[in-house]
Amino acid sequence: MLELKNGYAVIQCVYNIDRQRYEGVDASILDKIHRKKIDISDAIYVVNIEGYIGNSTKNEIEYAKNNGKEVIYHENDKK
C-alpha cells in the first residue's frame, strides 16, 4: 500500500507477526517483490523490536546496503 506521510511516499511492508510458514506462498516471488520495493526506495526502515532481525530481513538489509540505500532502524541498538 502506498501512503503519503509528511511528503514521503511509504511502501507498506508485510509483517509475519505469528512467524508461521504460509503454505502455497512462493518465497522466491516474495523475495523479488521485496527487492523491487528496495530498488524504488531511497531508504528502508527496519522494525527491529528488542533487536530482533530475521534472516529474510538481514538479507534485505544487505541488499539495500549493496545498492546504496539508507538503512534506518526502529531501535538504534541493533544486535
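Details of the structure are given in the entry above.
Residues numbered from 1 in each chain as written. Predicted model: local features only at pLDDT ≥ 70, side-chain atom pairs only at ≥ 80, totals over all residues. Heavy atoms only, no water.

(A) Fine view of the nonpolar core. Core analysis: the largest hydrophobic core is formed by nine residues, namely Ile38, Ile44, Val46, Ile53, Ile61, Tyr63, Ala64, Val71 and Tyr73. Breaking this core down by element, the ones donating at least two residues are strand 3 (43–46), helix 2 (55–66) and strand 4 (70–73). In terms of residue count, the dominant contributor to this core is helix 2 (three residues). For Val46, the residues in contact, after removing those within four places along its chain, are Ile53, Thr57, Ile61, Val71, Ile72, Tyr73 and His74. (Core = buried A, V, L, I, M, F, W, Y, C linked by side-chain atoms within 4.5 Å. Buried < 20%, exposed > 50% of the residue type's maximum accessible area, 1.4 Å probe, protein only. Helix = DSSP H or I, 4+ residues; strand = E, 2+ residues; numbered from the N terminus. Contact = heavy atoms within 4.5 Å.)

(B) Layout of the pairing of strand 4. The alternating pattern of strand 4 places Val71 and Tyr73 on a buried face and Glu70 and Ile72 on a face that is not buried. With four bridges joining them, strand 3 and strand 4 adopt parallel strand pairing. Residue pairing in the sheet places Tyr45 in a bridge with Ile72 of strand 4. For the crossover that starts at strand 3, traverses helix 2 and ends in the parallel strand 4, the hand is right-handed. (Pairing = 2+ DSSP bridges. Right-handed = clockwise from strand over helix to strand, strands pointing away.)

(C) Highlighting a nonpolar patch on the surface. A grouping of Val25, Ile29, Leu30 and Ile33 is seen on the molecular surface, where their side chains present a nonpolar patch of about 320 Å² in accessible area. As for its placement among the helices and strands, Val25 is situated in the loop between strand 2 (8–11) and helix 1 (27–39). (Patch = residues over 30% accessible without salt bridge, like charges linked within 9 Å, V, L, I, M, F, W, Y side chains within 5 Å. Areas by Shrake-Rupley, 256 points an atom, 1.4 Å probe, with all protein chains shown as cover. Salt bridge = Lys/Arg side-chain N within 4 Å of Asp/Glu carboxyl O.)

(D) Spotlight on helix 2. With twelve residues, helix 2 extends 17 Å from end C-alpha to end C-alpha; this agrees with the ideal 16 Å at 1.5 Å per step. Residues of helix 2 that are buried: Glu60, Ile61, Tyr63 and Ala64. Buried residues along helix 2 cover an arc of 165° about the axis, so they all sit on one side. Those residues of helix 2 that are exposed and aimed more than 90 degrees away from the buried face are Asn55 and Asn66. Next to the buried residues of helix 2 lie helix 1, strand 3 and strand 4. Gly68 sits one or two positions beyond helix 2 and adopts a positive phi of about 70°. (Expected span 1.5 Å × (residues − 1). Arc of directions from axis to C-beta.)

(E) Expanded view of the pattern of salt bridges. Overall, the coordinates contain one salt bridge when judged by the stated rule. In this structure, Arg35 and Asp31 form a salt bridge, with 3.1 Å as the shortest nitrogen-oxygen distance. Linking Arg35 with Asp31, this pair stays in helix 1, spanning four residues, or about one helical turn. For Arg35, a relative accessible area of 25% gives the class partly exposed.

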